[in-house]
Amino acid sequence: GNQVGDVLASTTTSITGDYSLALPSGVDFSGDLVLRITGNSGTSMSAQVVEQSVDINPISQYILDKFIEDGTELASLPVNDVVALTGKIEEFDLTAAPGTDLTAMLDQLEAEVGTFVDNQITVINSVPGDGSTVAGNWKLFSFSVGFHDSEGQGFGTYAIDMDSSSFAVADSGNGSIELTESGYEGVWTNAYSGGGLDVESEIGSGEDTFPGSVDADGNIVVESPFEEELQTVDTQVDVDGPDYGWRWPPSTILIDDTGSGNSKFAVFQDAGARYLTTDTNNDGVKDAVDPNAKDGDEVSLQALFLLKQGTGMGAGSAQGSYGMVNYSVGVGSLQFGEISSEVGIVTFDGTNTVDIASNAVEEIRIERSYGQGINLNATTTLDPTSQSLGYSVAANGEFAVLENQTAVLEGQVSADGSLIVAVAHDETVDNKGDTDPSNDEITNSSNDIRTFVKLGSGLQSVDLADSTYDLRPLIQNAESSGRQAIFTLSRASTIVFDADGGNAVITPSDRGIERDNDGAEIQAIAVETPQAMQLPVQVSGNGHITMEDANSGVYIEGYVAEDTSMFIGRVYITDPQSANTSEDLGLVVGIKQ
């Protein structure tokens, strides 16, 4: 990041900001050739000289800073990658308020595109892997929560979405792969700030094929370009064309391998802008997005689990003790919502029965009620009952928990049996006192995602000594003021265990979205200067792990995998100074470096 050698050439801009410089003899375009402009106030901005025409602006400064922060070797950086990344950031069409200084503009860029740029730089710096290591059939589970706003109109929605898809992955050579979707099912719920729910579900055969890549660490990357789409029209109703259209900026989904090659995980932020439409050819039909009529934003954070399917599997593929971590989100038509998480140990007998002992499952629940104000109610309970349920595992590892021969959870056992992921949707229907289903109203809707980590024996804190784990959380916050947030951490956020594993240090860097109330505008979150937290660590013999920092109110509880390559847990954060004014609850995955 520091200048090496003397200034090679200099000039003065014209009054319009134009400039021209002769490239010195023997100097070529490169990632470590930097152009710097300094104003009369002494403020400077820089850009990498990777093409003949170079604009110097906050975007060019931001990209250079990010390459340096991420430890990129600038001299070996392909110039085309810099050009491509710059173009993708410009497609986000970010604008700062008039009079905004450079520091504020760089902060806005970090909040809006920081995660995307971090992922892009990780991909640029990665070494291509062997596509044959990920070839085969996979099951993808997506669990997302999000906000929609209405561009200052005081209206918003809270979205809870969940879907599962089957994919075939083929090796295309040189680290390239091709993914073909063969089936999907999902349920999408919007709770409106003015009251009411909209719940939609769909089952499909799948039809998409798209490219991806795999790196030397087994991480899978899927990139999407800038997209624009008009709302699907019911021609019998909207004879004048769709009222809305969407624009989605480019995205990079980096799904990290968890260490076994059989399961991968990511937290991905998906964002789109909603626009009114316009009639461009005066034929009476609205046929395009009106870029001057932005109508709102739709932003969500998604937890993605990708599990490899096996062959010749059966009930014995899930056998022994597993650490269960559940994350559930529910909403109601009367503006009642709740977030809950359960942690406990379950035992699969390897034939057809799964047992849960009494007092083995602990639940934390945050209830958010509406009325004259926002009331929070956080509770922690142990389930005093024991349960014995059925389960089944198909030949490809598809999994179900059965109650009275009916599936109450459906999911996938990874090919090596080290991880199970299952999902469930539940809803309450008011039939309005008659038998006409067209009058039915869904009054409550909830989505659950459950993970089961295969446990070993004899694990102690010392087994985590001198280990570093990347942290991938999905956390929701609710405050009594009405503020809400959904956030994760940057790719640089880690938890580092000390020499005996008895303490760990987290350096969190928040990324996500927030709003002041249910109808307020969505704002991006980026905390770049976090305070490190030290958490005492306790690990029991079966891999049950707890970490707590009483000063900050952070509490993590979950399970370490048998080979210590990963852990899955819940994270609970409460305001230690004032009960039930600010509560956070989420799912967290730690992946060993």
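Residues numbered from 1 in each chain as written. Predicted model: local features only at pLDDT ≥ 70, side-chain atom pairs only at ≥ 80, totals over all residues. Heavy atoms only, no water.

Q: Tell me what's going on with empty space enclosed by the protein, and back it up with residues and numbers.
A: Any empty space left between the atoms is revealed when a probe the size of a water molecule rolls over them. Under the definition given, this model contains 2 cavities of 30 Å³ or more. A volume near 140 Å³ is recorded for the second largest cavity. Residue assignment for the lining of the second largest cavity shows that the elements contributing at least two residues are helix H3 (102-125), strand S11 (251-257), strand S12 (263-278) and strand S25 (484-489). Here the lining of the second largest cavity takes 4 residues from S11, the largest share from any one element. (1 Å grid on protein atoms, 1.4 Å probe; cavity = no way out; pocket = protein on both sides within 12 Å on 5 of 7 lines; lining within 4 Å. Points joined across faces, edges and corners; volume = space filled by probe spheres on them. Helix = DSSP H or I, 4+ residues; strand = E, 2+ residues; numbered from the N terminus.)

Q: Residue-level account of the environment of Asp383, with values.
A: One can find Asp383 in the loop between strand S18 (375-382) and strand S19 (387-393). Its relative accessible area of 30% is what places Asp383 among the partly exposed residues. Along the chain, Asp383 and Leu459 lie 76 residues apart, while their C-alpha atoms are 26 Å from each other. Once residues lying within four places of it in the same chain are set aside, the contact partners of Asp383 are Ser358, Asn359, Ala360 and Val361. (Buried < 20%, exposed > 50% of the residue type's maximum accessible area, 1.4 Å probe, protein only. Contact = heavy atoms within 4.5 Å.)

Q: So what about the pattern of salt bridges? Which residues, and what values?
A: Taken as a whole and judged by the stated rule, the model has 25 salt bridges. Residue Glu223 pairs with Lys88 through a salt bridge whose shortest N-O separation is 3.1 Å. Taken together, the positions of Glu223 in strand S8 (residues 220-224) and Lys88 in helix H2 (residues 79-90) put the pair 135 residues apart, joining distant regions of the chain. Accessibility expressed as a relative area gives 38% for Glu223, which makes it partly exposed. Between Arg483 and Glu479 there is a salt bridge; the shortest N-O distance is 3.2 Å. (Salt bridge = Lys/Arg side-chain N within 4 Å of Asp/Glu carboxyl O.)

Q: An account of the pairing of strand S22 (residues 419-430) is requested, with residue identities and associated values reported.
A: Direction of pairing for strand S21 (residues 406-413) relative to S22: antiparallel, over a ladder of 4 bridges. Along S22, the bridge assignment pairs Gly411 with Ala422. Two successive antiparallel strands, S21 and S22, enclose a turn made up of 5 residues, where Gly417 displays a positive phi of approximately 75°. As judged from the 12 bridges shared by S22 and strand S23 (residues 441-454), these two strands associate in the antiparallel manner. From the neighbouring strand, Thr428 faces S23, where its bridge partner is Asn444. (Pairing = 2+ DSSP bridges.)

Q: Describe unusual backbone geometry, naming the residues involved and giving the relevant values.
A: The backbone of Asp466 sits at a positive phi, close to 60°, despite the residue not being glycine. Following the sequence through the fold, Asp466 ends up in the loop between S23 and strand S24 (468-479). Residue Asp466 is classed as exposed on the basis of its relative accessible area of 59%. Despite not being glycine, Thr564 shows a phi value in the positive range, around 60°. Position of Thr564 relative to the elements: it lies in the loop between strand S32 (554-560) and strand S33 (566-574). Looking at Thr564, the relative accessible area reads 9%, which means it is buried.

Q: Can you explain a negative patch on the surface? Please cite residues and give values.
A: Taken together, Glu51, Asp55, Glu90 and Glu91 make up a surface patch of like negative charges. Of note, Glu90 is situated in helix H2. Judged by its relative accessible area of 43%, Glu90 falls in the partly exposed class. (Patch = residues over 30% accessible without salt bridge, like charges linked within 9 Å, V, L, I, M, F, W, Y side chains within 5 Å. Areas by Shrake-Rupley, 256 points an atom, 1.4 Å probe, with all protein chains shown as cover. Lys, Arg positive; Asp, Glu negative; His and termini not counted. Charge placed at Lys NZ, Arg CZ, Asp CG, Glu CD.)

Q: Report on the packing of H2 against H3, specifying residues and quantitative values.
A: At a minimum axis separation of 11 Å, H2 and H3 run at an interaxial angle of 155°. Comparing their axes, H3 and H2 come out roughly antiparallel. Once H2 is placed against H3, the crossing between them reads as right-handed. Contacts from Asp81, Leu85, Lys88 and Ile89 in H2 reach Leu109, Val113, Phe116, Val117, Gln120, Ile121 and Ile124 in H3. By residue class, the composition of the contact of H2 with H3 is 8 nonpolar, 1 polar and 2 charged. (Axes fitted to C-alpha atoms, helices over the stretch in contact; angles between N-to-C directions. Parallel < 35°, antiparallel > 145°, perpendicular 65-115°, else oblique. Left-handed = near helix turned anticlockwise from the far one by under 90°. Nonpolar A, V, L, I, M, F, W, Y, C, P; charged D, E, K, R; others polar.)

Q: So what about H2? Which residues, and what values?
A: Its 12 residues give H2 an end-to-end C-alpha distance of 17 Å, which sits within 8% of 16 Å, the value for a rise of 1.5 Å per residue. Those residues of H2 lying buried are Val82, Leu85 and Ile89. Burial along H2 is one-sided: seen end-on, the buried residues are contained in an arc of 70°. Those residues of H2 that are buried lie in contact with strand S2 (44-48), helix H1 (58-69) and H3. (Expected span 1.5 Å × (residues − 1). Arc of directions from axis to C-beta.)

Q: Tell me what's going on with the layout of surface pockets, and back it up with residues and numbers.
A: Within this model, the second largest pocket holds a volume of roughly 1400 Å³. In this structure, the second largest pocket is lined by 44 residues; those nearest its centre are Leu33, Val34, Leu35, Arg36 and Val49. Across the lining of the second largest pocket, the residue classes tally to 22 nonpolar, 15 polar and 7 charged.

Taken by themselves, the reported measurements are silent on function.
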